[in-house]
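Overview (structure and organization)
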Amino acid sequence: MKRGRKTNEANSSSSEETTEKESKRHKVTDEKTIVVRSPDWANLLQDIILQVFQYLPLLDRAHASQVCRSWNQVFHMPDLWRCFEFELNQPATSYLRATHPELIKQIIKRHSNHLQYVSFKVVDSSKESAEAACDILSQLVNCSLKTLGLISTARPSFMDLPKSHFISALTVVFVNSKSLSSLKIDDTPVDDPSLKVLVANNSDTLKLLKMSSCPHVSPAGILCVADQCHGLRELALNYHLLSDELLLALSSEKHVRLEHLRIDVVSENPGQTQFHTIQKSSWDAFIKHSPKVNLVMYFFLYEEEFDPFFRYEIPVTHLYFGRSVSKDVLGRVGMTCPRLVELVVCANGLRPLDEELIRIAERCKYLSAVGLGECEVSCSAFVEFVKMCGGRLSQLSIMEEVLIPDQKYSLEQIHWEVSKHLGRVWFPDMMPTW
């Protein structure tokens, strides 16, 4: 019996070892199979390849199209060329790789009739890059663009070109598109006559117009757009183009309700820019016609230039101060901006803004986002401000050095107190987030 039991135990042990060895062998075999097996890139679904190609710059797309026949077919699919951004730069002035002009010409020759959403980004300050953008524009004679963007991330660029050269290239697009719905042109020599061409060919379709730093456009030019493009829903422009006549045109019965109006109030040199005043009656008519409009204003002024602003009620919803702003101006904001939703103050003097913040909390019942940079606010006043606004403050970005400890609260205590009133965990920021 003992001998038989030992034999059985030995057989059992041997069998377990064999099973274990076989399982290990299978694992090794499986692992080797996994390592050896490689994905069949050529047989990927074309829809997947198309999505990947849409994120690639033009030069990388061209290189990828040479991998196999399937990828080359995707490279020439019309869906790939409906939306495209031309990034232009010169190798001598930029660390970025320049796209070869011949490659761009080939793409335009084969796919210009597919292009619908196009933007040109000049990423250096060279005149050559801006000229290349104009050359491409002038070739878009067979396309029907819906969106056009001309963006210069480095100055100067488009403004260095001969005005006639730029206008003739832009006019080609305006005349041939017929269905342009969105136009964004920053720092360009576009002028009133070219806007008339835009209106004559795209008045029924234009819904968004964004023009920043276009010195050759007058208030009369932008008024022509508002008068004819009754479907315009979003408008962004410099303050010098804003007028009582423009607001009244946007308030007419035949015009749709504007959804977004952005105004840039910019001064490059202190004391050299005169700012006009918009009548309260014009703002009243505008807000009566478009009661839900977002009115966004960016101020880049020096302190002595704020006198024409915030003297009476203004329907601004989003307010950004990019330079130092005085206590007096912020006090007037609290009195004249009842629709205010967002307030960002990048800098202020050395005097605490306690009273001004409390006044804003009292008067601005829709305020839900606040950002404070180089300012000073006592911890007690800040806690009171948060307490008055309550949980509606969905965004509260305050630099730590803004908060001045006092007898009631230290910097350690204010974190808990503010979190309690917000209903969520809150900490001051170490760096600006706006």
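What counts as what
Residues numbered from 1 in each chain as written. Predicted model: local features only at pLDDT ≥ 70, side-chain atom pairs only at ≥ 80, totals over all residues. Heavy atoms only, no water. UniProt positions renumbered as here; feature names shortened; annotations may be inferred. Patch = residues over 30% accessible without salt bridge, like charges linked within 9 Å, V, L, I, M, F, W, Y side chains within 5 Å. Areas by Shrake-Rupley, 256 points an atom, 1.4 Å probe, with all protein chains shown as cover. Salt bridge = Lys/Arg side-chain N within 4 Å of Asp/Glu carboxyl O. Helix = DSSP H or I, 4+ residues; strand = E, 2+ residues; numbered from the N terminus. Buried < 20%, exposed > 50% of the residue type's maximum accessible area, 1.4 Å probe, protein only. Core = buried A, V, L, I, M, F, W, Y, C linked by side-chain atoms within 4.5 Å. Domains from an automatic or database assignment. Contact = heavy atoms within 4.5 Å. Expected span 1.5 Å × (residues − 1). Pairing = 2+ DSSP bridges. Right-handed = clockwise from strand over helix to strand, strands pointing away.

In the annotation of an unreviewed UniProt entry, the protein is listed under the name FBXL3 protein and assigned to Ardeotis kori. Per UniProt, the comment on the protein under Pathway (unreviewed entry) is "Protein modification; protein ubiquitination."

**Some remarks on a nonpolar patch on the surface**
The grouping of Leu-44, Leu-45, Ile-48 and Val-52 at the surface amounts to a nonpolar patch, some 340 Å² of accessible area in total. Within the secondary structure layout, Leu-45 lies in the loop between α1 (2-36) and α2 (46-53). Leu-45 gets classed as exposed once you look at its relative accessible area, which sits at 60%.

**Remarks on the pattern of salt bridges**
One pass over the full model with this rule turns up 10 salt bridges. Arg-311 is the salt-bridge partner of Asp-307, the closest N and O atoms lying 2.6 Å from each other. A residue is classified by how much of its surface remains accessible, and Asp-307, at 49% relative accessible area, is partly exposed. Residue Arg-311 is classed as partly exposed on the basis of its relative accessible area of 48%. Linking Glu-356 and Lys-327 is a salt bridge whose minimum nitrogen-to-oxygen distance equals 3.0 Å. Here Glu-356 is found in helix α13 (residues 354-363), whereas its partner Lys-327 is found in helix α12 (residues 327-336), with 29 residues between them in sequence. Residue Glu-356 is classed as buried on the basis of its relative accessible area of 8%.

**Focus on the nonpolar core**
One recurring pattern in soluble globular proteins is that nonpolar side chains are buried together. Core analysis: the largest hydrophobic core is formed by 127 residues, its most contacted members being Phe-120, Phe-310, Phe-321, Phe-382 and Phe-385. Each of domain 1 (44-80) and domain 2 (83-422) accounts for three or more of the residues forming this core. Excluding residues within four positions of it along the chain, Phe-310 makes contact with Phe-299, Leu-319, Phe-321, Val-329, Arg-332, Val-333, Thr-336 and Cys-337.

**Focus on helix α7 (residues 163-177)**
Here α7 contains 15 residues, and its C-alpha end-to-end distance of 21 Å stays within 8% of the 21 Å for a straight helix at 1.5 Å per residue. Trailing α7 by a residue or two, Lys-178 shows a phi angle of about 70°, which is positive.

**Examining the pairing of strand β8 (residues 294-300)**
Where strand β7 (residues 260-266) and β8 come together, 7 bridges link them in parallel fashion. Pairing of Ile-263 across the sheet is with Met-297, part of β8. A crossover connection joins β7 to the parallel β8 through helix α11 (residues 280-289); in handedness this β-α-β unit is right-handed. Of the pairings in the sheet, the one linking β8 to strand β9 (residues 318-324) comprises 4 bridges and is parallel in character. Considered in β9, the bridge of Met-297 is made with Leu-319.

**Observations concerning α12**
Across the 10 residues that make up α12, a large majority, 8, are buried. Taken as a whole, α12 has its buried residues at Lys-327, Val-329, Leu-330, Gly-331, Arg-332, Val-333, Gly-334 and Thr-336. At its buried positions, α12 is contacted by β9, β10 (342-347) and α13.

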